[in-house]
Structures are given as structure tokens and as C-alpha cells.
Amino acid sequence: MRRIRLVVLAVVALTLAQPVVASPARADDSWHNFIQIWWDFEKVYADLPTITDNGNVIVYEGKTGWEGQGLGPGPSVVLDANALVTPGDWDGNGSADWMFRSSDGGLYLRTGIGGNVSKHVGRGWHVMTALVSPGDWNGDGNADVLARDASGALWMYRGDGNGGWLPGRVQVGWGWNIMASIFSGHDFNEDGKPDILAADSYGSLWLYPGNGSGGWMGRIQVGWGWHKMDLIAAPGDFDYDGHGDVIARDIAGSMWIYPGNGAGGFAWTRRLLTIPTPAFFG
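Summarised in this report is the structure supplied together with it. Keep in mind that what you see is a predicted model, and the values were worked out from it rather than measured. Every chain's residues receive numbers from 1 upward, in the order its sequence appears when written. Residues qualify for local features only when their pLDDT is at least 70, as the model is predicted, and side-chain atom pairs are given and counted only at 80 or more; totals for whole chains, interfaces and linings, by contrast, use all residues. By convention in this description, side-chain values take in all heavy atoms of the structure and omit both hydrogens and water.

**Observations regarding the overall build of the chain**
To qualify as a helix, a DSSP run of H or I must reach at least 4 residues; to qualify as a strand, a run of E must reach at least 2; elements of each kind are numbered from the N terminus. A count of helices and strands for the chain gives 1 helix and 22 strands. Think of it in three bands: with a 1.4 Å probe and only protein chains considered, a residue is buried below 20% of the maximum accessible area for its type, exposed above 50%, and partly exposed in between. Counting only residues that meet the buried cut, the chain has 54% of its 282 residues in that class. Working rule for contacts: check all heavy atoms of both residues, and any pair within 4.5 Å makes them a contact. Considering only contacts in the chain between residues 6 or more positions apart, those separated by 24 or more positions represent 37%. Accessible surface area values rest on a Shrake-Rupley calculation with a 1.4 Å probe, where residue burial reflects the displayed protein chains alone. Counting only carbon and sulfur atoms, one obtains 56% of the accessible surface of the chain, whose full area is about 12800 Å².

**Points about the packing of aromatic side chains**
Under the pairing criterion, centres of Phe, Tyr and Trp rings, with the six-membered ring standing for Trp, must be within 6.5 Å; the plane angle then separates stacked pairs below 30 degrees from edge-to-face pairs above 60, leaving the rest tilted. This model, assessed by the stated rule, comprises 14 aromatic pairs. With a centroid separation of 4.7 Å and an interplanar angle of 50°, the aromatic rings of Trp125 and Tyr157 are classed as tilted. Remark: Tyr157 occurs in strand β12 (residues 154-158) and Trp125 occurs in the loop between β9 (119-122) and β10 (128-135); sequence separation between them is 32 residues. Directly above the ring of Trp155 sits Arg169, whose terminal nitrogen or CZ lies 3.6 Å from the centroid. Put simply, a charge is over a ring when the Lys NZ or the Arg CZ is close to the ring centre, within 6 Å, and near the line of the ring normal, within 35 degrees.

**Thoughts on the sheet that holds strand β15 (residues 195-200)**
The criterion for strand pairing is that DSSP finds at least two bridges linking the strands in question. Strands sit in the order β14-β15-β16-β17 across an open sheet of 4 strands; the sheet is antiparallel. Each of the sheet's edge strands pairs with one partner strand only, and the pair in question is β14 (179-186) and β17 (220-223). Neighbouring strand axes in the sheet, compared pairwise and without regard to direction, differ in orientation by 30° on average. In this structure, β14 lies alongside β15, joined through 6 bridges in antiparallel fashion. Among the inter-strand pairings, Ser181 is bridged to a residue of β15, identified as Ala199. Convention adopted: a line fitted to C-alpha atoms gives each axis, helices being fitted over their contacting stretch, and angles between N-to-C directions are expressed from 0 to 180 degrees.

**Structural notes on unusual backbone geometry**
The residue His186 is not glycine, and still its phi comes out positive at about 50°. Secondary-structure assignment places His186 in strand β14. Of note, Tyr240 is a non-glycine position whose phi angle comes to about 55°, a positive value. A residue is classified by how much of its surface remains accessible, and Tyr240, at 35% relative accessible area, is partly exposed.

**Observations concerning the pattern of salt bridges**
When a carboxyl oxygen of Asp or Glu lies within 4 Å of a side-chain nitrogen of Lys or Arg, that pair is called a salt bridge. Applying the stated criterion across every chain, the model contains 1 salt bridge. Close ionic contact of Arg249 with Asp230 constitutes a salt bridge, the shortest N to O distance being 2.9 Å. Of the two residues, Arg249 sits in strand β19 (residues 245-250) while Asp230 sits in strand β18 (residues 229-236), which places them 19 residues apart along the sequence. Using a relative accessible area of 13% as the deciding quantity, one classes Arg249 as buried. In this structure Asp230 comes out as partly exposed when scored by relative accessible area, which is 37%.

**Concerning the side chain of Arg110**
Summarising the element assignment, Arg110 is placed in strand β8 (residues 107-111). Salt bridges are absent for the buried Arg110, whose nearest opposite-charge side chain, Asp97, sits at 9.8 Å. Think of a polar contact as two N or O atoms within 3.5 Å of one another; within protein, one of them needs to be a possible hydrogen donor and the other a possible acceptor, and neighboring residues in sequence only count if both atoms come from side chains. Within the local environment of Arg110, its side chain forms a polar contact with the side chain of Ser118, the two groups lying 2.6 Å apart. All tallies of charge rest on Lys and Arg as positive and Asp and Glu as negative; His and the ends of each chain are not included.

**Notes on the pairing of strand β4 (residues 57-61)**
Buried residues dominate β4, accounting for 4 of its 5 residues. Note: strand β3 (residues 47-51) against β4, 5 bridges, orientation antiparallel. Each bridged residue has a counterpart across the sheet, and for Asp47 the counterpart in β4 is Glu61. Between β3 and β4, which follow one another and run antiparallel, lie 5 residues, and Gly55 among them has a positive phi close to 90°. Relative to strand β5 (residues 70-71), β4 is paired through 2 bridges, and the arrangement is antiparallel. The residue bridging Val59 from the neighbouring strand is Leu71, located in β5.

This is how it looks when you write it as C-alpha cells:
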């Protein structure tokens with residue numbers, strides 16, 4: 001028994017001595033997880049990637065007591081970015097990835113939080129007025145990107161699971177130019193299929209449940225007064241209560257978390273976050 005106790009103590013000491021480094025997120029959680037740090041002890045927390053006004057990338061880990069402590073490449077990583085997309089494991093390496101659109105309309109892929117190389121994966125994306133990735137929208141096992149053009153048409157661009165695209169885009173919506181904000185809900189209603197959340201120009205917040213095969217179920221209004229928010233995202237289970245959440249910045253610059261209830265709605269009163277105000281986030 002004493003020998004077993006010594007072995008356990010040695011394992012604990014070795015664990016606590018590990019350096020603070022990020023390792024790949026588990027692929028099944030990669031919709032909303034960018035970093036897996038040793039002190040998480042195998043739990044997966046949702047992360048909120050942000051880009052500051054001066055182009056620095058900062059990721060906030062959605063873990064109680066850590067939400068205001070940003071992690072990331074640091075100020076050396078400065079991007080000419082005007083949109084941020086979080087598709088999950090886009091290139092199939094088991095780690096969550098992210099994309100950004102540059103001012104010239106180029107779309108670039110970066111692997112994980114510490115990825116130092118920007119891979120050019122698209123051009124001409126400046127014609128799109130909104131970009132979002134709900135994960136695997138059409139049910140083929142690979143993450144996809146949805147984009148709205150200036151006419152209000154919503155298009156699905158299918159990922160090939162290896163860092164590229166399948167040929168041909170598919171129109172999946174019309175009239176989306178009434179929406180002031182479109183963002184991924186991941187599986188916000190917990191029916192096993194990815195969803196989209198959108199706030200219209202009148203301030204109504206809508207849940208558009210996906211059907212798991214590239215189409216839609218009937219939309220549901222889940223909020224009012226969201227015209228007071230100028231940035232909105234749903235990074236996943238940010239407060240680690242088992243349900244996906246929504247994070248929003250109001251026009252005064254305050255950051256709020258709206259806890260989800262796991263059924264496509266919200267659980268209780270919103271809570272103020274300590275995250276500094278970003279330029280935009282994914």
C-alpha cells in the first residue's frame with residue numbers, strides 16, 4: 001500500500017511540474033475549443049478568440065476564475081483582419097483551427113492558438129458581408145463555412161476535411177441582409193445538430209436550428225432588445241455548466257455572458273464579464 005501511495009504521489013508531482021503549454025484540442029470538441037492546457041485535467045472548456053483594435057490575437061478560456069485572463073500568441077502576432085471564423089478542426093489534424101479575412105479579401109487559415117503560419121485558403125471574400133462557421137452544417141463529417149453576400153443570399157462553402165474546399169457552393173438562404181449579426185450557435189438547442197443565431201435590425205434574436213443535412217428547421221425567437229449589442233458570439237459552454245452560452249458586447253463597451261439553458265433559450269440573468277473590449281471576436 002505504501003508503494004502504491006508513493007507511486008501516486010510521484011505521478012501527481014510529475015503532473016504539477018509540467019510546463020504550461022497548449023496541446024491539441026480533442027477533435028470532437030474542436031467546434032469551440034482552441035487550447036487544451038495540462039491544468040484543465042482533461043476537461044474541455046470553450047474558448048473565445050478575440051482580435052484587438054491593433055490586430056493582436058487573444059483567446060479567453062471559458063473557465064471559472066480564468067475568463068479575464070487572455071492567452072495567445074501575444075502582441076507579436078498582428079493581423080490585417082476584418083473578420084474571424086472558428087470552424088473547428090478544418091484541416092483534420094485533431095486541433096481546432098481559426099480563419100481570418102484580410103482587408104484585401106483573402107481568407108487565411110491558422111492552426112490552433114499558437115499557429116505561426118497563415119495559410120491562404122481563399123480570395124475574393126471581401127464581397128461577403130458576414131462569415132460564420134457552424135461546424136459540419138451538411139452532415140458529411142467536415143466543417144463548413146456560411147457566408148452572406150450583399151444581396152442577402154446565404155451560401156454554404158463545404159470544407160473537404162483536409163484544409164481545403166469541395167467544389168461548388170450551395171445557396172442555403174435568402175433575405176439575410178435584414179440581419180445585423182449572424183453567428184454560429186454550435187448546437188445551441190442540444191438536438192445533436194449545428195445551429196445559427198442571428199440578431200435582426202429590429203433587435204430580435206433568432207435561433208435557426210439546422211436539420212443536420214444542410215437545411216433548416218423552423219426559426220424561433222429567443223431574445224429582444226439585441227440592437228443594443230454591437231458584437232455577439234456563441235463560443236460554446238463558456239461558463240462550464242453543460243450548456244452553450246452567448247457572449248455580447250453592448251454599445252457602451254461592456255461584455256456580457258448570457259447562459260444558455262440547453263433547450264435553445266437562456267437560463268438566467270446575464271452576467272458582466274471581465275474581458276477587455278475587443279475589436280471583434282469569433
